[in-house]
Amino acid sequence: MKAAAIIVAAGSGKRFGGATPKQFLKLNGKPVFLWSVEAFASLKVFKQIIVVAPKQYIIFVKSYLHSPLLTLRSAVAEGGKERFDSVRNGLQAVGKDIDFIAVHDAARPLINKRDILAVLNKAAKCGAAIAAEKTKDTIKIVKDGFVKTTLDRSVLWNVQTPQIFEASLLKKAYSKKIPANITDDSMLIEKSGVKSAVVETKFPNFKITTAQDLKLAELIL
């Protein structure tokens, strides 16, 4: 089996604030995106690590990909206007001999290689698999400032990344026009009639969105 990982690091990080996108800030001495890159690169099954970054940060990203672990396996693609444009650009760099493709948010630097392998193994059995955690909070649908209904927490999951798919399946999904209401890759795959298996993550894997998230990630690491 040969796999490739697309690390999506092309976001502007507007909610985080500041001049530098959060994925390029330092986290315990390394840029946030590099933690994810090294997690995937530590697994021999991943033959390609493709980082998708804004044009103005491509040189910056390349400057961190010179270690023996990364030199022959890494590549950098230019980000697009929207996230799906960025993933599509990353797909252009994936080799024809790749069997499975993982898409991972660079803003999730705590991803653990055991969780990556768990999702990959599930994808190998089912064709599509996603990392997720069970929802801990009660979720309500609110309309006009009032609770309309309360959802059944027992069937709700918070979806994370990586999301891993058979290469041909993901490439086919991205060869078509992306509907405006799609919010993640697994939803795009669902539109093609394929269900994604859910793998519960065993380690912290939250997305850095605020300065508080960055501080928490520092403490955990």
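## Re the overall build of the protein
Piece 1. Across its full length, the protein carries seven helices and 11 strands.
Piece 2. Here the C-alpha atoms of the protein give a radius of gyration of 17 Å, agreeing with the 17 Å that 2.2 N^0.38 yields for 221 residues.
Piece 3. Projecting the C-alpha coordinates of the protein onto the three principal axes gives extents of approximately 55 × 40 × 30 Å.
Piece 4. Each of the 221 residues in the protein was classed as buried or not, and the buried ones make up 47%.
Piece 5. Considering only residue pairs separated by 6 or more positions, the protein has 74% of its internal contacts joining residues 24 or more positions apart.
Piece 6. Summed over its atoms, the accessible surface of the protein is roughly 11800 Å², and 54% of this surface lies on carbon and sulfur atoms.
Piece 7. Across the protein, the centroid of the 35 positively charged side chains sits 3 Å from that of the 19 negatively charged ones.

## Side note on the pattern of salt bridges
Piece 1. Taken as a whole, this structure holds seven salt bridges when the rule is applied.
Piece 2. Of the charged contacts, one joins Asp185 and Arg83 as a salt bridge, the two residues approaching to 3.0 Å between their closest N and O atoms. Within this pair, whereas Asp185 is found in helix H6 (residues 185-191), its partner Arg83 is found in helix H3 (residues 83-91), the two being separated by 102 residues in sequence.
Piece 3. You can call Arg83 partly exposed: its relative accessible area is 26%.
Piece 4. Arg108 serves as the salt-bridge partner of Asp105, at 3.3 Å between the closest nitrogen and oxygen.

## Remarks on H3
Piece 1. For H3, every residue scored as buried is listed here: Phe84, Ser86, Val87, Gly90 and Leu91. Looking down the long axis of H3, one finds its buried residues gathered within 155 degrees of arc, a one-sided arrangement.
Piece 2. Each element contacted by the buried residues of H3 is listed here: strand S1 (3-8), strand S4 (46-53), strand S5 (74-78), strand S6 (100-105), helix H5 (167-174) and H6.

## Brief notes about the packing of aromatic side chains
Each aromatic ring pair is characterised by the separation of its centres together with the angle its planes make.
Piece 1. Enumeration over the complete set of coordinates arrives at nine aromatic pairs.
Piece 2. With a centroid separation of 6.2 Å and an interplanar angle of 85 degrees, the aromatic rings of Phe33 and Tyr64 are classed as edge-to-face. Placement of the pair is Phe33 in helix H1 (residues 32-41) and Tyr64 in the loop between helix H2 (58-62) and S5, with a sequence separation of 31 residues.
Piece 3. You can call Phe33 buried: its relative accessible area is 0%.
Piece 4. Taking the centre distance of 5.1 Å and the plane angle of 90 degrees together, the rings of Phe40 and Phe46 count as edge-to-face. Side by side, Phe40 and Phe46 carry an identical accessibility label, which is buried.

## Focus on the sheet that holds S5
Piece 1. Taken in spatial order, the seven strands of this open sheet run S5-S4-S1-S6-S10-S7-S11, and their pairing is mixed. What marks the edges here is a single partner per strand, and that holds for S5 and strand S11 (197-200). Across the sheet, the mean angle separating the axes of adjacent strands is 25 degrees when strand polarity is ignored.
Piece 2. Here S4 runs beside S5; their pairing, made up of five bridges, is parallel. Paired with Ile49 across the two strands is Ser74, which belongs to S5.
Piece 3. Lying over the sheet, H1 contacts S1, S4, S6 and strand S10 (157-166), oriented at roughly 165 degrees with respect to S4.
Piece 4. Sitting on the sheet, H5 is in contact with S6, strand S7 (128-134) and S10, with an inclination near 105 degrees to S10.

## Quick look at a nonpolar patch on the surface
Piece 1. Together, Leu216, Leu219 and Ile220 make up an exposed nonpolar region whose accessible area comes to about 310 Å².
Piece 2. Here Ile220 is to be found in helix H7 (residues 211-220).
Piece 3. Accessibility expressed as a relative area gives 41% for Ile220, which makes it partly exposed.

## What to know about the packing of H3 against H5
Packed helix pairs are characterised by how far apart their axes lie and by the angle those axes make with each other.
Piece 1. Taken N-terminus to C-terminus, the directions of H3 and H5 make an angle of 130 degrees; their axes are 11 Å apart at the nearest point. As far as their axial angle goes, H5 and H3 are oblique. Relative to H5, the crossing made by H3 is left-handed. Counting all contacts with H3, which are made through Phe84, Val87, Arg88 and Leu91, the residues of H5 involved are Leu170, Lys171 and Tyr174.

Reading guide: rules and limits
- Along each chain, residue indices are assigned from 1 in the same order as the chain's sequence is written.
- Only residues with pLDDT of at least 70 are given local features in this predicted model, and only at 80 or more are side-chain atom pairs given and counted; all residues enter the totals for whole chains, interfaces and linings.
- For side-chain calculations, the full set of non-hydrogen atoms in the structure is used, while hydrogens and water are omitted.
- Secondary structure elements follow DSSP: runs of H or I of four or more residues count as helices, runs of E of two or more count as strands, with numbering from the N terminus.
- In this description the radius of gyration comes from C-alpha coordinates, and the expected globular size is given by 2.2 Å times residues to the power 0.38.
- Only protein chains enter the accessibility calculation, which uses a 1.4 Å probe; a residue whose area is less than 20% of its type maximum is buried, one above 50% is exposed, and one in between is partly exposed.
- Contacts are assigned to residue pairs that have any heavy atoms within 4.5 Å of one another.
- Here the open area of atoms and residues is found with the Shrake-Rupley method and a 1.4 Å probe, where only the protein chains shown may cover a residue.
- Neither His nor the chain ends contribute to the count of charged residues, in which Lys and Arg are positive and Asp and Glu negative.
- For this purpose, a charge sits on NZ of Lys, CZ of Arg, CG of Asp or CD of Glu.
- Salt bridges are defined as contacts in which a side-chain nitrogen from Lys or Arg sits within 4 Å of a carboxyl oxygen from Asp or Glu.
- What the arc describes is the spread of directions from the helix axis to the C-beta atoms.
- Aromatic pairs are defined between Phe, Tyr and Trp rings, using the six-membered ring for Trp, whenever the two ring centres lie within 6.5 Å; interplanar angles under 30 degrees are classed as stacked, those over 60 as edge-to-face, and all others as tilted.
- In short, DSSP must find at least two bridges between two strands for them to pair.
- Lines fitted to C-alpha atoms define the axes, with helix axes restricted to the stretch in contact, and inter-axis angles between N-to-C directions lie between 0 and 180 degrees.
- Exposure above 30% relative accessible area and the lack of any salt bridge qualify a residue for a patch; like charges then connect within 9 Å, and the nonpolar side chains Val, Leu, Ile, Met, Phe, Trp and Tyr within 5 Å.
- By the definition adopted for this analysis, an angle is roughly parallel if under 35 degrees, roughly antiparallel if over 145, roughly perpendicular if from 65 to 115, and oblique otherwise.
- Handedness of a crossing follows from how the near helix is turned relative to the far one, being left-handed for an anticlockwise turn of less than a right angle and right-handed for a clockwise one.

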